Amino acid sequence: MESCFSEEQFREVCAELQQPALAGADWQLLVETSGVSIYRLLDQQSGLYEYKVFGILKDCSPALLADVYMDLDYRKQWDQYVKEIYEKECNGETVTYWEMKYPFPMSNRDYVYIRQRRDLNVEGRKIHVVLAQSISLPQFPEKSGVIRVNQYKQSLGIESDGKEGSKVFMYHFDNPGGQIPSWLINWATKNGLPNFLKDMVKACQNYLNKT
């Protein structure tokens, strides 16, 4: 199985970190909180939004942030919405399985995706980039009572903010399917993305002390 990520996709994340690409489309500023700005763009087909997040995460170095983001075992400890998460080798590619808790009475969602991290040097800037995208494989059949998310895409770019912290860009889209109204999904994402970043910063502070 060939990697489905191109050189261009990694370069685009680096470019967004330097200069946010919000022109030429109807990206709207959704929320600004704790040094983080979140923009959204309506996906006409699904009625859902794509999201771009820009911001500074203080007191958390880029290398540490990238390590914490990649460490799935540790994520079980700090991300309260993870029911199950693990990696498995399939056809020479490392595939991630993730089941996410949804509040009652909604069904949990699960994701099968590939991700790749690259630590790049772009004109003297050290940038950590992680790309993730959903994939369909027979080795991960759908579970009864859990809804499979077939459209999931996330990109993360991290570099130094010039001090002790990290400058971050994140792109996110997922379509959780089922009978959830799009306004509820959009509301949950608006709150969920900033909270995820806050929790990740807290996790960074505890990471070096974990046994």
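- The protein appears in an unreviewed UniProt entry as Phosphatidylcholine transfer protein from Heterocephalus glaber.
- What UniProt records for the protein under Subunit (unreviewed entry) is the sentence "Interacts with ACOT13/THEM2."

### Notes on the pairing of strand S6 (residues 108-122)
At step 1: Bridge analysis of strand S5 (residues 93-100) against S6 gives six bridges, and the strand direction is antiparallel. Residue Trp98 lies in a different strand from S6, and its bridge partner there is Tyr111.
At step 2: Across four bridges, S6 lies against strand S8 (residues 146-149) in parallel orientation. Its bridge partner lying in S8, Asp110 is registered against Arg148.
At step 3: Across 10 bridges, S6 lies against strand S7 (residues 125-134) in antiparallel orientation. Of the residues in S7, the one forming a bridge with Ile114 is Gln133.
At step 4: A loop of two residues connects S6 with S7, the two strands running antiparallel in sequence, and Glu123 in this loop sits at a positive phi of about 50 degrees.

### As for the environment of Asn108
At step 1: Inspection of the secondary structure assignment puts Asn108 in strand S6.
At step 2: The class for Asn108 is buried, based on a relative accessible area of 14%.
At step 3: Along the sequence, Asn108 and Gly145 sit 37 residues apart, while their C-alpha atoms lie 7.5 Å from each other.
At step 4: Among residues more than four places away in sequence, those in contact with Asn108 are Lys83, Glu99, Met100, Lys101, Tyr102, Gly145, Val146 and Ile147.
At step 5: Engagement of the side chain of Asn108 in a polar contact is seen with the side chain of Glu99, the distance being 3.0 Å.
At step 6: At 2.9 Å, the side chain of Asn108 and the backbone nitrogen of Tyr102 are in polar contact.

### Overview of the UniProt feature "domain: START" (unreviewed entry) in the protein
At step 1: Under the UniProt annotation, "domain: START" (unreviewed entry) lies at residues 27-209.
At step 2: The span residues 27-209 is 23% helix and 49% strand, and its two end C-alpha atoms sit 40 Å from each other.

### A word on the packing of aromatic side chains
When we look at a pair of aromatic rings, we describe it by the centre distance and by the angle of the planes.
At step 1: This model, assessed by the stated rule, comprises 13 aromatic pairs.
At step 2: Members of the aromatic cluster, joined through ring pairs, are Trp98, Tyr111, Tyr113 and Tyr152.

### With respect to the pattern of salt bridges
At step 1: Considering all chains together, one arrives at 12 salt bridges under this definition.
At step 2: Residue Arg118 is joined to Glu7 by a salt bridge in which the shortest nitrogen-to-oxygen separation is 3.1 Å. Note that Arg118 is positioned in strand S6 and Glu7 in helix H1 (residues 7-18), a separation of 111 residues in sequence.
At step 3: The exposure class assigned to Arg118 is partly exposed, which follows from its relative accessible area of 25%.

### Some thoughts on the environment of Ser144
At step 1: Checked against the element boundaries, Ser144 lands in the loop between S7 and S8.
At step 2: Sequence spacing of Ser144 and Gln133 is 11 residues, and the spatial spacing of their C-alpha atoms is 23 Å.

### Remarks on the confidence of the model for the protein
The predicted coordinates of low-pLDDT regions are not to be read in fine detail.
At step 1: Mean pLDDT for the protein: 91, with 98% of residues reaching 70 or above.
At step 2: Looking over the protein, one finds the lowest element-wise mean pLDDT in helix H4 (residues 182-207), namely 87, and the highest in S7, namely 97.

### Overview of unusual backbone geometry
At step 1: Phe104 connects to Pro105 through a cis peptide bond whose omega is 10 degrees.
At step 2: Mapped onto the secondary structure, Pro105 falls in the loop between S5 and S6.
At step 3: Positive phi is not limited to glycine here, since Asn91 has a value of about 50 degrees.
At step 4: Of note, Asn91 is situated in the loop between strand S4 (82-90) and S5.

So, how was this worked out
- Residues numbered from 1 in each chain as written.
- Predicted model: local features only at pLDDT ≥ 70, side-chain atom pairs only at ≥ 80, totals over all residues.
- Heavy atoms only, no water.
- UniProt positions renumbered as here; feature names shortened; annotations may be inferred.
- Pairing = 2+ DSSP bridges.
- Helix = DSSP H or I, 4+ residues; strand = E, 2+ residues; numbered from the N terminus.
- Buried < 20%, exposed > 50% of the residue type's maximum accessible area, 1.4 Å probe, protein only.
- Contact = heavy atoms within 4.5 Å.
- Polar contact = N/O pair within 3.5 Å; in protein donor to acceptor, adjacent residues only side chain to side chain.
- Phe/Tyr/Trp six-rings, centres within 6.5 Å; stacked < 30°, edge-to-face > 60°.
- Salt bridge = Lys/Arg side-chain N within 4 Å of Asp/Glu carboxyl O.
- pLDDT = per-residue confidence, 0-100.

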